[in-house]
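Working through the structure, step by step
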Amino acid sequence: QSSLVGPNVPILIPKAAQPVDQHLPDYEVELTVVIGKPAKNVSEADALDYVLGYITGNDVSEQIMSN
């Protein structure tokens, strides 16, 4: 299974990931940074030299309902 899906593709969330009676996905948009070349121990001053670009990400995870 991949973490990447195309538009309008159903997202399957296992029942084990959430309480069965509250099986609700929580959609959250996040800014994702795309790293363009191998990097290790990069200084803060040089970090942006390794960024290829930015894209939005759709984080779908468990929504915890509280009373």
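Just above, that's the structure.
Residues numbered from 1 in each chain as written. Predicted model: local features only at pLDDT ≥ 70, side-chain atom pairs only at ≥ 80, totals over all residues. Heavy atoms only, no water.

**Describing a nonpolar patch on the surface**
Residues Leu31, Val33, Ile35, Leu48 and Tyr54 make up a contiguous nonpolar surface patch of roughly 560 Å² in combined accessible area. In terms of residue count, strand E1 (residues 25–35) provides more of the nonpolar patch than any other element does, 3 residues in total. Mapping Val33 onto the fold places it in strand E1. Residue classification places Val33 among the partly exposed positions, given a relative accessible area of 41%. (Patch = residues over 30% accessible without salt bridge, like charges linked within 9 Å, V, L, I, M, F, W, Y side chains within 5 Å. Areas by Shrake-Rupley, 256 points an atom, 1.4 Å probe, with all protein chains shown as cover. Salt bridge = Lys/Arg side-chain N within 4 Å of Asp/Glu carboxyl O. Helix = DSSP H or I, 4+ residues; strand = E, 2+ residues; numbered from the N terminus. Buried < 20%, exposed > 50% of the residue type's maximum accessible area, 1.4 Å probe, protein only.)

**A short note on the packing of aromatic side chains**
The geometry of two aromatic rings is summed up by the distance between their centres and the angle between their planes. Inspection of every chain in the model, using the stated rule, returns 0 aromatic pairs. Between the NZ or CZ atom of Lys37 and the centre of the ring of Tyr50, over which it lies, the distance is 4.8 Å. (Phe/Tyr/Trp six-rings, centres within 6.5 Å; stacked < 30°, edge-to-face > 60°. Lys NZ or Arg CZ within 6 Å of the ring centre and 35° of its normal.)

**A short note on unusual backbone geometry**
Not every positive phi belongs to a glycine, and Asn41 is a case in point at roughly 55°. With respect to the element layout, Asn41 can be found in the loop between E1 and strand E2 (51–62). The exposure class of Asn41 is exposed, given its relative accessible area of 74%.

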